[in-house]
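# A look at the structure
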Amino acid sequence: MFLNSLFGYEARRKRLLKKVPTGALHDFLSVPFPNENTPFSELPILSVDFETTGLNALSDKLLSVGFVSIDKQKIKLGSSYHQIINTKQNLAAENVIIHQITDQQKSAGKSLQMVVETLLKALAGRVMLVHFAQIEKQFLKQACIELYGVAPPFMVIDTLALAKRKLDQRDIAYDPQELRLSALRHKHNLPNHFAHNALNDAIATAELLLAQQKNGGKKLKELM
């Protein structure tokens, strides 16, 4: 209990809140995280996906952000957001083939600060949902360090980690390809989706989570 009070999400949020100046990050930190005992059926979630210029958060940049909220196990499509970021980094041809964002589209995008501020506002008081948390957590952390000098805590549910946990419990070998978003959606009888678009992938991840947790009986601490 002592360690949780000292190092838990709420304790870290409160400590950092005292240090950051007024602005988007302060506003985000001003809202408490959901209680870890919150049942999934009552959990406020924001499904998030990034497209990036590469896989290294230290040398590559955020290229686009997409998100959609989930409230009481319902995807709120009216909350959908998608924005390309005008990063100064040149786009590699092999990445353009994947995300299909051109230099012209990038140059018409919004600044990193505007997009991150919008994301932080939407994330306030919510759990961030992603598929393969390493990418989103590292790139968002690096963006916050670049903009604010600090990396705030984020509560995260990872659909890939949930699926991996279930496969590991079988104690038999499996192909890591089974953990891809498209493969897991197929396993849960969800339709194909247009991948590598940040909003499309955010919605696809939201649908996958609802399929994974269709009984809705787990609490937040069991999902992280």
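Owing to the predicted nature of the structure, the values given are computational and were not obtained by experimental measurement. (Residues numbered from 1 in each chain as written. Predicted model: local features only at pLDDT ≥ 70, side-chain atom pairs only at ≥ 80, totals over all residues. Heavy atoms only, no water.)

## Structural notes on the packing of aromatic side chains
By the definition in use, this model includes 4 aromatic pairs. Look at Tyr 9 and Phe 33: their rings are 5.9 Å apart centre to centre, the planes differ by 70 degrees, and that puts the pair in the edge-to-face class. Note that Tyr 9 is positioned in helix α2 (residues 9–17) and Phe 33 in the loop between α3 (24–29) and β1 (45–52), a separation of 24 residues in sequence. Using a relative accessible area of 23% as the deciding quantity, one classes Tyr 9 as partly exposed. When its relative accessible area of 8% is taken as the criterion, Phe 33 is described as buried. Here the aromatic cluster, defined as three or more aromatic residues joined through ring pairs, consists of Tyr 9, Phe 28, Phe 33 and Phe 154. (Phe/Tyr/Trp six-rings, centres within 6.5 Å; stacked < 30°, edge-to-face > 60°. Helix = DSSP H or I, 4+ residues; strand = E, 2+ residues; numbered from the N terminus. Buried < 20%, exposed > 50% of the residue type's maximum accessible area, 1.4 Å probe, protein only.)

## Remarks on the pattern of salt bridges
Considering all chains together, one arrives at 5 salt bridges under this definition. Residue Glu 207 pairs with Arg 185 through a salt bridge whose shortest N-O separation is 2.7 Å. Here Arg 185 lies in helix α9 (residues 181–187) and Glu 207 lies in helix α10 (residues 198–212), a separation of 22 residues in the sequence. By relative accessible area, which is 2% here, Arg 185 ends up buried. (Salt bridge = Lys/Arg side-chain N within 4 Å of Asp/Glu carboxyl O.)

## Some words on the sheet that holds strand β4 (residues 127–130)
Taken together, the 5 strands give an open sheet; going across it, the order is β3-β2-β1-β4-β5, and neighbouring strands pair in mixed fashion. Taken across any chain shown, the strands that pair with only one partner, and hence form the sheet edges, are β3 (74–84) and β5 (156–158). Each strand axis lies, on average, 25 degrees off the axis of its neighbour in the sheet, ignoring direction. Of the pairings in the sheet, the one linking β1 to strand β2 (residues 62–71) comprises 8 bridges and is antiparallel in character. (Pairing = 2+ DSSP bridges. Axes fitted to C-alpha atoms, helices over the stretch in contact; angles between N-to-C directions.)

## Thoughts on the side chain of Ser 47
With respect to the secondary-structure elements, Ser 47 resides in strand β1. In this structure Ser 47 comes out as buried when scored by relative accessible area, which is 0%. Only 2.6 Å separates the side chain of Ser 47 from the backbone oxygen of Ala 202, close enough to count as a polar contact. Residues contacting Ser 47, with those up to four places away along its chain left out, are Gly 66, Phe 67, Val 68, Leu 129, Ala 202, Thr 205 and Ala 206. (Polar contact = N/O pair within 3.5 Å; in protein donor to acceptor, adjacent residues only side chain to side chain. Contact = heavy atoms within 4.5 Å.)

## A short note on the packing of helix α6 (residues 112–123) against helix α7 (residues 133–148)
Two numbers describe how α6 lies on α7: the axes approach to 11 Å, and their chain directions differ by 115 degrees. In the packing of α6 onto α7, the handedness of the crossing is left-handed. Contacts between α6 and α7 pair Leu 112, Gln 113, Val 116, Glu 117, Leu 119, Leu 120 and Leu 123 from the former with Leu 140, Ala 143, Glu 146, Leu 147 and Tyr 148 from the latter. (Left-handed = near helix turned anticlockwise from the far one by under 90°.)

These figures capture arrangement, not role.
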